Amino acid sequence: MPNPGAKRTHRTFPVYDNMFYIGKPDTTKYGLIPSNIIDDAHIWPHGQNYGALPSRSVFDALVAANNTNPGPTVLDIEKLPLKGSPSTIQQHLQVLATLADWTRADAPGKTVGYYGYNTLTGVPPASRSYAQQLARHVDAFFPSMYTFDDDQAAWATRAAAEAAEDRALAAGKPVFFYLWPQYHDGTPKQFQYIDTAYWRFQLTTAYRDADGIVLWGSSRFPWDETSGWWAATLEFVRQVASATAPL
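Quick caveat: nothing in here was measured; it's all calculated off a predicted structure.

Enquirer: Sorry if this is basic, but what is going on with the packing of helix H2 (residues 56-65) against helix H3 (residues 86-106) here?
Expert: Two measures define how a pair of helices packs: the angle their axes make with one another and the distance between the axes. Between H2 and H3, whose axes approach to 10 Å, the crossing angle comes to 55°. The angle between H2 and H3 falls in the class oblique. Seen from above, H2 lies across H3 with right-handed handedness. Along its contact with H2, which presents Arg56, Phe59, Asp60 and Val63, the element H3 presents Leu99, Trp102, Thr103, Ala105 and Asp106. The residue makeup of the contact of H2 with H3, split by class, is five nonpolar, one polar and three charged.

Here you go:
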């Protein structure tokens, strides 16, 4: 965790709140910044015409309704990967780039990007040039760094790789890790809250490799801080604010 004796810096490391837990407290009073997300279920309700460009006016209204928080606006489209035949990739790229452009036009001053899964994360080498093109249409990267097991070394290796991949696609654009204080579904510990030590490790590693974090939590679950993850988060936020965060 942060080293109180470390040399003080003036590095900015925002902690964004994209959590939807039932009974979540007001996190702004602790220094978190609420962020925005627009997912594919809202862009293409019931999956109808999934992947086709929606009406511009309908999309503009969707952005306006989901852009009220001060933090970034993240587009979460998980089924238009930059994979497949060149024609498929080009079609996906055109839609993704256009939606990013529309969002940026509708939300001037906002940081806009894609949630990393299946867009700008884990891009096959053959699709790298397409990813570089898409990266020109976003302001930042938002790769997911969720928890599948208790292998901290593997998690740290993945974090470094995620950050390096995005920085190679567009040097100078910030990388914000999506962190989720529960184990991912489909894993032995699915939906259990991560313990204090492991969560602290993730925060520290994110500080090392990324430019900020976005905390995620589903509306399917009640707010639960008994594992200690929230206390560790508050400690981290305080130390970031006082410039004694981990180096």
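There's plenty left to go through after this.
Enquirer: Looking at this structure, I do not really get the pairing of strand S1 (residues 15-19). What am I missing?
Expert: Each regular strand shows side chains that alternate between the opposite faces of the sheet. Burial runs high along S1: five of the five residues are buried. Side chains Val15, Asp17 and Met19 project from S1 onto one buried face, and the interleaved Tyr16 and Asn18 project onto a second face that is buried too. Direction of pairing for S1 relative to strand S7 (residues 212-217): parallel, over a ladder of five bridges. From the neighbouring strand, Val15 faces S7, where its bridge partner is Ile213. The pairing of S1 with strand S2 (residues 33-34) spans two bridges and is parallel. The residue of S2 that forms the bridge with Tyr16 is Ile33.

Enquirer: Would you take a moment to explain the nonpolar core for this structure?
Expert: Buried together is how nonpolar side chains tend to be arranged in soluble globular proteins. Formed by 73 residues in total, the largest nonpolar core has its most connected members in Leu99, Tyr114, Phe177, Leu179 and Ile213. Tallying contributions element by element places H3 first for this core, with eight residues.

Enquirer: Explain the environment of Glu78 here, please?
Expert: The residue Glu78 is located in the loop between strand S4 (73-76) and H3 in this model. Measuring from C-alpha to C-alpha, the distance between Glu78 and Tyr115 comes to 8.2 Å, with 37 residues separating the pair along the chain. For Glu78, the residues in contact, after removing those within four places along its chain, are Asp40, Tyr50, Tyr115, Tyr117 and Asn118.

Rules used in this analysis
Residues numbered from 1 in each chain as written. Predicted model: local features only at pLDDT ≥ 70, side-chain atom pairs only at ≥ 80, totals over all residues. Heavy atoms only, no water. Axes fitted to C-alpha atoms, helices over the stretch in contact; angles between N-to-C directions. Helix = DSSP H or I, 4+ residues; strand = E, 2+ residues; numbered from the N terminus. Parallel < 35°, antiparallel > 145°, perpendicular 65-115°, else oblique. Left-handed = near helix turned anticlockwise from the far one by under 90°. Contact = heavy atoms within 4.5 Å. Nonpolar A, V, L, I, M, F, W, Y, C, P; charged D, E, K, R; others polar. Buried < 20%, exposed > 50% of the residue type's maximum accessible area, 1.4 Å probe, protein only. Pairing = 2+ DSSP bridges. Core = buried A, V, L, I, M, F, W, Y, C linked by side-chain atoms within 4.5 Å.

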